[in-house]
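Analysis of the macromolecular model
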Amino acid sequence: AFVLGDLGPTGQLVEPMGTLSRADAAAAYAEQVAALVTGGIDGIIIETMSDLEETRAAIEGARRVTDLPILVTMSFDTHGRTMMGVDPARAARELWAMDVAVVGANCGRSLPENLEAIRKMREAVPSARLMAKPNAGMPHVSGDAVVYDVTPEVMAEYGLRFADLGVKIIGSCCGSGPEHIQALATALRA
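I will try to describe carefully the structure that is included in this document. Given the structure is predicted, the values throughout are model-derived calculations rather than measurements. (Residues numbered from 1 in each chain as written. Predicted model: local features only at pLDDT ≥ 70, side-chain atom pairs only at ≥ 80, totals over all residues. Heavy atoms only, no water.)

**Let's talk about the packing of helix α5 (residues 152–164) against helix α6 (residues 178–189)**
Let me state the cut-off plainly: For helices, the fitted axis covers only the stretch in contact; all axes are lines through C-alpha atoms, and the angles between them, taken along N-to-C directions, range from 0 to 180 degrees. Strands are runs of DSSP state E lasting at least 2 residues, helices are runs of H or I lasting at least 4, and numbering of each runs from the N terminus. The scheme is simple: roughly parallel for angles under 35 degrees, roughly antiparallel for over 145, roughly perpendicular for 65 to 115, oblique for anything else. The crossing is said to be left-handed when, going from far helix to near helix, the turn is anticlockwise and less than a right angle, and right-handed when the turn is clockwise. Any pair of residues with heavy atoms lying within 4.5 Å of one another is described as a contacting pair. Amino acid classes used here: Ala, Val, Leu, Ile, Met, Phe, Trp, Tyr, Cys and Pro are nonpolar; Asp, Glu, Lys and Arg are charged; the rest, including Gly, are polar.
In the contact formed by α5 and α6, the axes pass within 8 Å of each other and the chain directions differ by 45 degrees. As far as their axial angle goes, α6 and α5 are oblique. Handedness of the α5/α6 crossing: right-handed. From α5, P152, M155, A156, G159, L160 and A163 reach across to α6, where they touch E179, H180, A183, L184, A187 and L188. Of the residues that constitute the contact of α5 with α6, the class distribution is nine nonpolar, two polar and one charged.

**Description of the pattern of salt bridges**
Formally: One speaks of a salt bridge when a side-chain nitrogen belonging to Lys or Arg is within 4 Å of a carboxyl oxygen belonging to Asp or Glu. Buried means the residue's accessible area, taken with a 1.4 Å probe over protein chains only, is under 20% of the maximum for its type, while exposed means over 50%, and partly exposed covers the values in between.
Inspection of every chain in the model, using the stated rule, returns 11 salt bridges. A salt bridge links R109 to E113; its shortest N-O distance comes to 3.0 Å. With its nearest N and O atoms 2.7 Å apart, the salt bridge here joins E157 to R161. One end of the pair is E157 and the other is R161, both in helix α5 and four residues apart, which spans about a single turn. According to the relative accessible area criterion, R161 is partly exposed, its value standing at 35%. Each of R22, E53, R56, E60, R64, R90 and E94 takes part in one network of salt bridges that share partners.

**Side note on the environment of T73**
Looking at where T73 falls in the secondary structure, it is placed in strand β3 (residues 70–74). Overall, the relative accessible area of 0% leaves T73 in the buried class. Sequence-wise, T73 and V102 are 29 residues apart; in three dimensions their C-alpha atoms are separated by 8.1 Å. Ignoring any residue separated from it by four or fewer positions in sequence, one finds T73 in contact with I46, E47, T48, M49, G104, A105, N106 and M131.

**Side note on the side chain of S172**
The cut-off we apply is this: Polar contacts here mean pairs of N or O atoms no more than 3.5 Å apart (in protein, one a potential hydrogen donor and the other a potential acceptor; neighbouring residues in sequence count only if both atoms are side-chain atoms).
Residue position: S172 is located in the loop between β8 (167–170) and α6. Exposure remark for S172: the relative accessible area of 12% places this residue in the buried category. A distance of 2.7 Å separates the side chain of S172 from the side chain of S176, its partner in a polar contact. Residues in contact with S172, not counting those within four places in the same chain, are K133, P134, M155, H180, I181 and L184.

Below, the structure written as structure tokens:
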């Protein structure tokens, strides 16, 4: 097993879209990574990103304090783009050029949309090592519960589709549980 230190968005917009400087963002990420490295991680995962400038700052901050592998995923959820308008092909090209270990997609709105994002990443950078961690659908409220409709069986079916695109790391994100991971593992090992 490998333990990855997880970094996500700061919640602020990086200049010029917002007031957070790229240098301050990189410093904050470096501080987080230093603590994670002290904890004994095997690599860094930067995930659920929507802005390439913030993602660059996270990669830069991580590299200031470690040479551990860096995996990066972005969340494509608005008409096949991130919230900040980045399309999967551009993300794959620009991030892979930064010499990260893995690029991919996580979170998002649906399994078909994640599959399409991964397909576009594969087409843009055929040599890239890819990762996919989709949500178990979009949440909705049913009574007092928040429900995600994607079953473990459907998640496993899509796991095979991701594998057919050459995805090397396959998991799941929001709304999934141990049953989803078990179904993915069973299907992918068959």
